[in-house]
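Spelled out from the first residue to the last, the chains are:
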Amino acid sequence: MHSDRELQRRVLDELKWDPSIRETDIGVGVHGGVVTLSGCVDSYAQKVAAERAAERVGGTRVESDALKVTVPLTHERQDVNIAEEARRALAWDVEVPDERITVTVESGRITLDGSVHWQFQRAAAERAVRSLIGVTGVVNRIQIAPVISVSDVSQRIRDALRRSAEEDAGRIEVEALDGKVILRGTVRSRSERRDAVRAAWSAPGVNDVDDRVEVAR
């Protein structure tokens, strides 16, 4: 476990290391192991990049409500124009079933609604629009519509775990119910834990993953 001061230093170093982030605009506070980002950035993409950078520092939980997006006057756009651009971005992304997604925009904040069959499609839709000029935030309300039975989801996850974390697959318990997957057990490393979670999300019909896997010490 790192001290709050050490975590703060590590997060600041990570922000400086990422060339896409202007770290001088971002404040970093740490209390009880929780990292709070504050300040002002000029795009939602900058905010997301800062959140991702902080999350890359092991052992951190990140809160970013105090990190505000203020779009420069030169980048301000009307909501109707942002919505049109967002629909085009979704249509051009091969991973996004854009015909199943609707877009609304208010004060630069994009809201995505609809349903898809896979988690990667839901993530791709958000990724496609968050870097558009004038965007101040993205609310992803896209649902994942189950396409197979719960038992099939559970089996597919187990199969994927055996492929991506073969030695530890047998030590991970998988429970699936109404699109939610719960993972329990132990693995040898953080990377294998990430593999297990990624495998769970890759199964069709999964809309939530509760990661309770522990890393053996």
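J.: Any chance you could explain the pattern of salt bridges here in plain terms?
T.: Between side chains of opposite charge, a pair can form as their charged atoms come close. Per the counting criterion, the structure on display carries 15 salt bridges. Glu-55 is paired through a salt bridge with Arg-52; the nearest N and O atoms lie 3.8 Å apart. Of this pair, Glu-55 and Arg-52 both sit in helix α2 (residues 44-55), 3 residues apart, which is roughly one turn of the helix. Taking the relative accessible area as the measure of exposure, Glu-55 reaches 45% and is therefore partly exposed. A single network of salt bridges, built from pairs that share partners, joins Glu-6, Arg-9 and Asp-13.

J.: Help me understand the pairing of strand β6 (residues 109-116) in this model?
T.: Every regular strand shows the same layout, with side chains that alternate between the two sheet faces. Here strand β5 (residues 101-106) runs beside β6; their pairing, made up of 6 bridges, is antiparallel. By the bridge assignment for β6, Thr-104 is matched with Thr-111. The turn linking β5 back onto β6 is made up of 2 residues, and Ser-107 within it adopts a positive phi angle of 55 degrees. As judged from the 4 bridges shared by β6 and strand β7 (residues 137-140), these two strands associate in the parallel manner. From the neighbouring strand, Thr-111 faces β7, where its bridge partner is Val-139. In this view, the connection linking β6 to its parallel neighbour β7 by way of helix α4 (residues 119-129) has right-handed handedness.

J.: Just checking my understanding: could you explain the nonpolar core for this structure?
T.: One recurring pattern in soluble globular proteins: nonpolar side chains tend to sit buried together. Among the nonpolar cores identified, the biggest contains 23 residues, and Leu-90, Ile-101, Ile-110, Leu-112 and Val-129 are the most heavily contacted of them. Looking at this core, the elements that each hand over two or more residues are α2, α3 (79-92), β5, β6 and α4. With 5 residues, α3 is the largest single contributor of residues to this core. Apart from the residues within four sequence positions on either side, Ile-101 is in contact with Leu-90, Val-96, Leu-112, Asp-113, Val-116, Ala-125 and Ile-142. Counting residues in each nonpolar core, the second largest holds 19 residues, with Val-11, Leu-15, Ala-49 and Val-71 among its members.

Quick notes on the rules
- Residues numbered from 1 in each chain as written.
- Predicted model: local features only at pLDDT ≥ 70, side-chain atom pairs only at ≥ 80, totals over all residues.
- Heavy atoms only, no water.
- Salt bridge = Lys/Arg side-chain N within 4 Å of Asp/Glu carboxyl O.
- Helix = DSSP H or I, 4+ residues; strand = E, 2+ residues; numbered from the N terminus.
- Buried < 20%, exposed > 50% of the residue type's maximum accessible area, 1.4 Å probe, protein only.
- Pairing = 2+ DSSP bridges.
- Right-handed = clockwise from strand over helix to strand, strands pointing away.
- Core = buried A, V, L, I, M, F, W, Y, C linked by side-chain atoms within 4.5 Å.
- Contact = heavy atoms within 4.5 Å.

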